[in-house]
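Chain by chain, the residues run as shown.
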Amino acid sequence: MTHNCANTTRLLSDAQDRGLVEEERQHIEKHLEICPSCVRFQDHMAMLRVFMHRLRAGLGDEAVGEIASHDPPR
Amino acid sequence: MINEGGTVTLQDAELPDVHQHRRYLLALARMQLRDAALAEDVVQDTLEAALRSIGSFRNQSSVRTWLTGILRHKILDVLRVRQRQPAPTYGLEVPEHARATDTPFDDTGTWSRHPQHWNVPDEAASQTDFLRVLQECMSKMPASVARAFYLREVMEVETKEITETLDITANHLGVLMYRARMLLRECLESSWFQRNTLT
């Protein structure tokens, strides 16, 4: 697999869903050493998961719950 | 978990805060299914199943968690059935920003639109605004992408069960999840983080 940001970000996304094999982990590690933008992307992946949890937790609330429904509740 | 054998008809009063729970489940189902009428049906089914099996609820988890578990089964059933039917009519239009060709990378696979620093809101008021933007961004995702992403990140279904339910390969799911995260990341960046750079 070519060492570039596109392939690395795909692996960083996969890491959220499955265990990576050693080769994939090394690919990421090697690339992150030289690429601050992909390090940032990795942080964003973790943050997205936190945001989704917050969203889920807020769904019953007045302010947030209504927006989830795409159309007004009856 | 749902004990069909022990069918006991119970009143709403026997499930405290049922309206609040209903509201939550409905928001969850609408988000996942993008179909208000279908969401109503699924939530109704969920509450009926819950009331039937309330005797088996042992307070090991919160009521909300328990109900969410039942809803998850119901939603997976709906999606499984839908998967065997002809392609759904919704979500055929892929929004401009969601085209697979529009990537933040150049020809060599290097960032052409670099990720920015994110200032995450911690104040309650801006949190609500933020969650609103988050939902707007999610609603812009193409249906097939959103469906997989919600199952994973909102309904917290294991990847194996998602691939089985949607009848897709693990790699296809990986592609959908990647697209979802790329779209959501960029949308949040342009709709929130670039506009809320705090001093």
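Everything here concerns the structure above.
Quick caveat, the model's predicted, so the values are computed rather than measured. Here, residues in each chain are numbered from 1, in the same order as that chain's written sequence. The order in which chains are written sets their letters, starting at A; the order in which ligands are written sets their numbers, starting at 1. Whole-chain, interface and lining totals are the exception, using all residues; otherwise, since this is a predicted model, local features are given only for residues with pLDDT of at least 70 and side-chain atom pairs are given and counted only at 80 or more. Note that water and hydrogens are dropped before the side-chain values are worked out from all heavy atoms of the structure.

## Considerations on helix 1 (residues 5-14) of chain A
Moving on, step 1. Under the scheme applied here, a residue whose accessible area is under 20% of the maximum for its type counts as buried, over 50% as exposed, and between as partly exposed, the area being computed with a 1.4 Å probe on protein chains only. Strands here are runs of E lasting at least two residues and helices are runs of H or I lasting at least four, both read from the DSSP assignment and numbered beginning at the N terminus. Burial analysis of helix 1 of chain A places eight of its 10 residues in the buried class, which makes it a mostly covered element.
Moving on, step 2. Taken together, the buried residues of helix 1 of chain A touch helix 2 (22-34) and helix 3 (36-58) of chain A together with helix 7 (170-193) of chain B.
Moving on, step 3. Put simply, Asn4 of chain A is the residue that caps the front of helix 1 of chain A, since its side-chain oxygen is 3.2 Å from the backbone nitrogen of Ala6 of chain A. Two residues qualify as a contact provided that any one of their heavy atoms is within 4.5 Å of a heavy atom in the partner residue. Between N or O atoms, a polar contact is any pair within 3.5 Å; within protein, one atom must be a potential hydrogen donor and the other a potential acceptor, and residues adjacent in sequence are included only when both atoms are from side chains.

## Focus: the state of the cysteines
Moving on, step 1. Only a pair of cysteine sulfur atoms within 2.5 Å counts as a disulfide in this structure description. All told, the structure shown has one disulfide over all chains when counted by the stated rule.
Moving on, step 2. Linked covalently through their sulfurs, Cys137 of chain B and Cys187 of chain B form a disulfide whose S-S length is 2.1 Å. Taking the sign of the S-S torsion, about -80° here, the bridge from Cys137 of chain B to Cys187 of chain B comes out left-handed. With Cys137 of chain B in helix 4 (residues 124-139) and Cys187 of chain B in helix 7, the pair connects residues that are 50 residues apart, well separated along the chain. With respect to class, Cys137 of chain B is no different from Cys187 of chain B; both count as buried.
Moving on, step 3. Summary of cysteine pairing: Cys35 of chain A is not part of a disulfide, and the nearest cysteine sulfur, belonging to Cys38 of chain A, is at 3.6 Å.

## Some words on the side chain of His31 of chain A
Residues and elements named next belong to chain A.
Moving on, step 1. Relative to the helices and strands, His31 is located in helix 2.
Moving on, step 2. With relative accessibility at 5%, the residue His31 sits in the buried group.
Moving on, step 3. Beyond its immediate chain neighbours, meaning those up to four positions away, His31 contacts Asn4, Cys5, Thr8 and Cys38.

## Re the packing of helix 3 (residues 63-84) of chain B against helix 6 (residues 159-166) of chain B
All names here are of chain B.
Moving on, step 1. Viewed as axis vectors pointing N to C, helix 3 and helix 6 meet at an angle of 40°, and their least axial separation amounts to 8 Å. Classified by the angle their axes make, helix 3 and helix 6 are oblique. Facing helix 3, whose interface residues are Leu76, Leu79, Arg80 and Gln83, helix 6 presents Glu161, Thr165 and Leu166.
Moving on, step 2. For the contact of helix 3 with helix 6, a count of residues per class yields three nonpolar, two polar and two charged. All axes are obtained by fitting lines to C-alpha atoms, using only the stretch in contact for helices, and the reported angles, taken between N-to-C directions, cover 0 to 180 degrees. Here the angle decides the label: under 35 degrees means roughly parallel, over 145 means roughly antiparallel, 65 to 115 means roughly perpendicular, and every other value means oblique. Each residue gets one label: Ala, Val, Leu, Ile, Met, Phe, Trp, Tyr, Cys and Pro are nonpolar, Asp, Glu, Lys and Arg are charged, and the others, such as Gly, are polar.

## Considerations on the nonpolar core
Moving on, step 1. Residues Met138 and Leu188 of chain B are the most contacted members of the largest nonpolar core, which totals 76 residues.
Moving on, step 2. Here the element with the most residues in this core is helix 7 of chain B; it accounts for 12 residues. Among the buried residues, those of types Ala, Val, Leu, Ile, Met, Phe, Trp, Tyr and Cys that are joined through side-chain atoms within 4.5 Å form a nonpolar core.

## Some remarks on unusual backbone geometry
All names here are of chain B.
Moving on, step 1. One non-glycine residue, Arg34, lies in positive phi territory at about 50°.
Moving on, step 2. Here Arg34 is to be found in the loop between helix 1 (18-33) and helix 2 (36-52).
Moving on, step 3. Exposure remark for Arg34: the relative accessible area of 27% places this residue in the partly exposed category.
Moving on, step 4. Unusually for a residue other than glycine, Glu156 sits at a positive phi of about 55°.

## Overview of the packing of helix 2 of chain B against helix 3 of chain B
All names here are of chain B.
Moving on, step 1. Across the interface, helix 2 lies against helix 3 with an axial gap of 9 Å and an inter-helix angle of 130°. Considering their axes alone, helix 2 and helix 3 lie oblique with respect to each other. Like other packed secondary-structure pairs, helix 2 and helix 3 cross with a definite hand, here right-handed. Between helix 2, through Leu38, Val42, Val43, Asp45, Thr46, Leu47, Ala49 and Ala50, and helix 3, the contact on the second element is made entirely by Trp66, Leu67, Ile70, Leu71, Lys74, Ile75, Val78 and Arg82.
Moving on, step 2. Class assignment of the residues belonging to the contact of helix 2 with helix 3 gives a composition of 12 nonpolar, one polar and three charged. When the near helix sits turned anticlockwise from the far one by under a right angle, the crossing is termed left-handed; a clockwise turn instead gives a right-handed crossing.

## A word on the interface of chain B and chain A
Moving on, step 1. Facing 51 residues of chain B, the contacting portion of chain A comprises 41 residues.
Moving on, step 2. Taking both sides of the interface into account, the surface hidden between chain B and chain A amounts to around 4,100 Å²; carbon and sulfur atoms contribute 60%.
Moving on, step 3. Summed over both partners, the accessible surface that disappears when two parts come together, traced with a 1.4 Å probe, is what is meant by buried area. The largest per-residue losses of area from chain B upon contact with chain A belong to Arg23, Arg30 and Arg181 of chain B, which jointly make up 15% of the total buried on that side.
Moving on, step 4. Salt bridges, as used here, are contacts in which a Lys or Arg side-chain nitrogen is within 4 Å of a carboxyl oxygen on Asp or Glu. Linking chain B with chain A are four salt bridges, by the criterion used here.
Moving on, step 5. Where Arg49 of chain A meets Glu153 of chain B, a salt bridge forms, and the shortest distance between an N and an O atom there is 2.7 Å.
Moving on, step 6. Where chain B touches chain A, the interface holds 19 residue pairs in polar contact (both at pLDDT 80 or more).
Moving on, step 7. For the side of chain B that touches chain A, the secondary-structure elements that each account for two or more residues are helix 1, helix 2, helix 3, helix 4, helix 5 (143-153) and helix 7 of chain B.
Moving on, step 8. Per-element accounting of the side of chain B that touches chain A gives the leading share, 12 residues, to helix 7 of chain B.
Moving on, step 9. Within the side of chain B that touches chain A, the residues separate by chemical class into 25 nonpolar, 14 polar and 12 charged.

## Considerations on the pattern of salt bridges
Where charged atoms of side chains with opposite charge meet at close range, the side chains can pair.
Moving on, step 1. This model, assessed by the stated rule, comprises 17 salt bridges over all chains.
Moving on, step 2. Asp14 of chain A is the salt-bridge partner of Arg18 of chain A, the closest N and O atoms lying 3.0 Å from each other.
Moving on, step 3. Judged by relative accessible area, Asp14 of chain A falls into the buried class, the value being 6%.
Moving on, step 4. Of the charged contacts, one joins Asp17 of chain A and Arg181 of chain B as a salt bridge, the two residues approaching to 2.9 Å between their closest N and O atoms. Separated into two different chains, Asp17 of chain A in the loop between helix 1 and helix 2 and Arg181 of chain B in helix 7 make up a pair that spans both.
Moving on, step 5. Assessed through its relative accessible area of 15%, Asp17 of chain A is described here as buried.
Moving on, step 6. One network of salt bridges, in which partners are shared, links Asp17 and Arg49 of chain A together with Arg152, Glu153 and Arg181 of chain B.

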